[in-house]
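For reference, the chains in residue letters:
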Amino acid sequence: MPQRRKARPGGELVAASGVTPTFEKLRDLADDFSQFMLHYKFGLAEVETKVKILAEELAHKGRGNPIEHVSPRLKTPASITAKATRIGCAMTVDEVRANIRDIAGIRIVCSFVSDVYTVADMLTRQPDINLLLTKDYIAAPKPNGYRSLHLIVEIPVFLSDRVVAVPVEVQLRTVAMDFWASLEHKIYYKYDPDIPAPLREELVAAAHDAARLDERMERLHREIHGPR
């Protein structure tokens, strides 16, 4: 007679006798995880649509579109597993949901620093957006020079049978910040785990140069066009 199964919290399954049926466990976990990732895919699509609407509306007003480009991304299962291992998070749906908040992410690249805060304010003032966390690395850059505004927002996803609140990480930065971060990322992985000290110092200096460029270009823009 086949053994009955009972469900554990977080999507894990064990046999009634306490013996874990490996194949069935993996199959059920795969089904749970597939559904789990769909929620993040839908949440990301919702936020991306909101940002695109803002960009088109602002461009239509004729004062210039502060959003240069938008890049959505969804973590891969391998990336989620690696982060879970790194932070000591159990690989269950409940634990991953509670401890990893950047599974869905969107990067918004703006023209100027003031645009970063304007777009962030427009997005988070929408009634169905719940702002959970703000990390302002523009006001307080990381020691390596990294600058960006990070938000964790929560958005409702309306499914056929329920509403699911999905967290999405929103990164807002200028073109100069994005250029620096892209190159720093490539250099970091080339020299991982140890970037030579002189190179680290050069990267910090380059970040300061990028910040000065942001200030200068925004000042020039205001002198020519006035405030947005």
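Scoring rules and cut-offs
- Residues numbered from 1 in each chain as written.
- Predicted model: local features only at pLDDT ≥ 70, side-chain atom pairs only at ≥ 80, totals over all residues.
- Heavy atoms only, no water.
- Helix = DSSP H or I, 4+ residues; strand = E, 2+ residues; numbered from the N terminus.
- Contact = heavy atoms within 4.5 Å.
- Areas by Shrake-Rupley, 256 points an atom, 1.4 Å probe, with all protein chains shown as cover.
- Expected span 1.5 Å × (residues − 1).
- Buried < 20%, exposed > 50% of the residue type's maximum accessible area, 1.4 Å probe, protein only.
- Arc of directions from axis to C-beta.
- Pairing = 2+ DSSP bridges.
- Axes fitted to C-alpha atoms, helices over the stretch in contact; angles between N-to-C directions.
- Core = buried A, V, L, I, M, F, W, Y, C linked by side-chain atoms within 4.5 Å.
- 1 Å grid on protein atoms, 1.4 Å probe; cavity = no way out; pocket = protein on both sides within 12 Å on 5 of 7 lines; lining within 4 Å.
- Points joined across faces, edges and corners; volume = space filled by probe spheres on them.
- Nonpolar A, V, L, I, M, F, W, Y, C, P; charged D, E, K, R; others polar.

> Looking at this structure, I do not really get the overall build of the protein. What am I missing?
The helix and strand tally for the protein stands at 6 helices and 7 strands. Starting at the N terminus and walking to the C terminus, you meet the elements of the protein as β-β-α-β-α-α-β-α-β-β-β-α-α. Sequence separation of at least 24 residues holds for 61% of the intrachain contacts in the protein that already meet a minimum separation of 6. Carbon and sulfur atoms make up 56% of the accessible area of the protein, which amounts to about 13600 Å² in all.

> Would you mind showing me how to read helix H4 (residues 113-124) here?
Every α-helix winds through 3.6 residues per turn, so residues three or four apart in the chain are directed the same way. In a regular helix each residue adds 1.5 Å, so 12 residues correspond to 16 Å; H4 covers 17 Å between its end C-alpha atoms and thus fits that length. If you check which residues of H4 are buried, you get Val113, Asp115, Val116, Val119, Ala120 and Leu123. Here the buried residues of H4 occupy an arc of 155° about the axis, which is enough to place them on one side.

> How do you make sense of helix H6 (residues 197-225) when you look at a structure like this?
Counted at 1.5 Å a residue, the expected span for H6 with its 29 residues is 42 Å, and the 42 Å between its end C-alpha atoms agrees. Every buried residue belonging to H6 is among Leu203, Ala207, Ala210, Ala211, Asp214 and Glu218, and all of these are buried. Immediately beyond the C-terminal end of H6, within one or two residues, lies Gly226, with a positive phi of roughly 80°.

> Looking at this structure, how should I read the sheet that holds strand E3 (residues 67-74)?
Pairing is mixed across the open sheet formed by 5 strands, whose spatial order is E3-E4-E7-E6-E5. In this open sheet, the two strands that pair with only one neighbour each are E3 and strand E5 (130-136). Between one strand axis and the next, the sheet turns through 20° on average, direction left out of account. As paired strands, E5 and strand E6 (residues 149-158) are joined by 6 bridges and run antiparallel to one another. Within E6, the position partnered with Leu133 by the bridge is Ile152. H4 rests against E3, strand E4 (104-110), E5, E6 and strand E7 (163-174) of the sheet, and its axis sits at about 170° to E7.

> In this structure, what is going on with the nonpolar core? I would like to understand it.
Most often, soluble globular proteins keep nonpolar side chains buried together rather than apart. Judged by nonpolar contacts, the single largest core of 39 residues is most densely connected at Phe36, Ile103, Ile108, Val168, Val170 and Leu172. At the level of elements, helix H1 (22-60), helix H2 (77-87), helix H3 (93-99), E4, H4, E6 and E7 are the ones that each hand at least two residues to this core. Take this core: its biggest share by element is 9 residues, from H1. Apart from residues no more than four positions distant in its own chain, Val168 is found in contact with Gly43, Leu44, Val47, Ala104, Gly105, Ile106, Leu151, Ile152, Val153 and Ile155. Of all hydrophobic cores here, the second largest spans 6 residues; its members include Tyr137, Trp180, Ala181 and Ala207.

> Could you clarify how one ought to interpret empty space enclosed by the protein in this entry?
Think of a ball as big as a water molecule: rolled over the atoms, this probe shows where empty space is left. In this structure the tally under the stated criterion is 1 cavity of 30 Å³ or more. A volume near 30 Å³ is recorded for the largest cavity. As for the largest cavity, its lining consists of Gly145, Arg147, Met177, Trp180, Ala207 and Ala210. Elements with a contribution of two residues or more to the lining of the largest cavity: helix H5 (175-191) and H6. Grouping the amino acids of the lining of the largest cavity by side-chain chemistry returns 4 nonpolar, 1 polar and 1 charged.

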